[in-house]
Amino acid sequence: MALSSNLFVDIGHSAIKWRMANSAVVSQPISDFSLESLPDCAAVWLSYVAHQDCVEAIKQRFSSVVVVTTPARYKTLSIAYPIPSELGVDRFLAMLGAQAHYPSRNLIIVDIGSALTFDVVTESGEHRGGLIMPGLNALRSSFDKFATESNLKGFSGLQNATKSAWLGGTESMLIASIKTQIDDFLDRYTNSKVILTGGGAKDTASALNVDVEVYDNLVLDGIEHYAQTSS
């Protein structure tokens, strides 16, 4: 089966993304998702971290659907978790996608989305483990007195109003957490690469003052790599 006839789908907490091989990525909020939006294809390769109902609907429409799960080991990648299924498949696939882009490098993958996650993979393919932290929206809703759904960024330095102080403080917390983990990684590893992904990756990259690579759709890259190498 030609790879170009396959559809790669990533179902996250708030959005669903898909693409065919070498085509542009389409993204829809989960609340707006329509099954009819998906193109005809020979097979679907799919990962999900939520919204089982979307998965079942896709299975009903397409005759061949491969749902990717997290294994203990896959080709060049060995997972650190004693119970691999406890590692979100999105993190597994982001690591796999990062390896596809940078084989035989020490990698830290920072996913800046609904949650903030970190995973370290050595040049030999050993996953050393990771961290999960609240994303920016979770931080900004964590204290009822100041809670906001604002996604505004760029509030660096001291502020002179409560709203902007909360926006700047939560943004600073996020960036400081990312810098700390990246600095620790770079202190420990040479032959290394820092990779950012997720909805907040581009906005955050310029604030880090380190050499990073940004991939908008690293999970989809991982799904496609999985499809290419699984047989």
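Residues numbered from 1 in each chain as written. Predicted model: local features only at pLDDT ≥ 70, side-chain atom pairs only at ≥ 80, totals over all residues. Heavy atoms only, no water.

(A) Focus on unusual backbone geometry. One non-glycine residue, His 51, adopts positive backbone phi at about 65 degrees. Considering the arrangement of structural elements, one finds His 51 in the loop between β4 (43-48) and α1 (52-61). Unusually for a residue other than glycine, Ser 104 sits at a positive phi of about 60 degrees. With relative accessibility at 53%, the residue Ser 104 sits in the exposed group. (Helix = DSSP H or I, 4+ residues; strand = E, 2+ residues; numbered from the N terminus. Buried < 20%, exposed > 50% of the residue type's maximum accessible area, 1.4 Å probe, protein only.)

(B) Examining the nonpolar core more closely. Counting residues in hydrophobic clusters, the biggest one holds 28 residues, and the most contacted among them are Phe 92, Leu 93, Ile 109 and Tyr 226. Mapped onto this core, the elements with two or more residues apiece are β4, α2 (89-101), β8 (106-112) and α6 (218-229). It is α2 that provides the largest number of residues to this core, a total of 7 residues. If you look at the next biggest cluster of nonpolar residues, it comprises 20 residues, including Val 110, Ile 112, Leu 139 and Ile 175. (Core = buried A, V, L, I, M, F, W, Y, C linked by side-chain atoms within 4.5 Å.)

(C) Representation of the packing of α2 against α6 in the model. Two elements in contact, α2 and α6, have axes separated by 7 Å at closest approach and are oriented at 75 degrees. The angle between the axes of α2 and α6 places the two elements in the roughly perpendicular class. Counting all contacts with α2, which are made through Asp 90, Phe 92, Leu 93, Ala 94, Leu 96, Gly 97, Ala 98, Ala 100 and His 101, the residues of α6 involved are Leu 218, Val 219, Asp 221, Gly 222, Ile 223, His 225 and Tyr 226. Here the residues of the contact of α2 with α6 sort into 10 nonpolar, 4 polar and 2 charged. (Axes fitted to C-alpha atoms, helices over the stretch in contact; angles between N-to-C directions. Parallel < 35°, antiparallel > 145°, perpendicular 65-115°, else oblique. Contact = heavy atoms within 4.5 Å. Nonpolar A, V, L, I, M, F, W, Y, C, P; charged D, E, K, R; others polar.)

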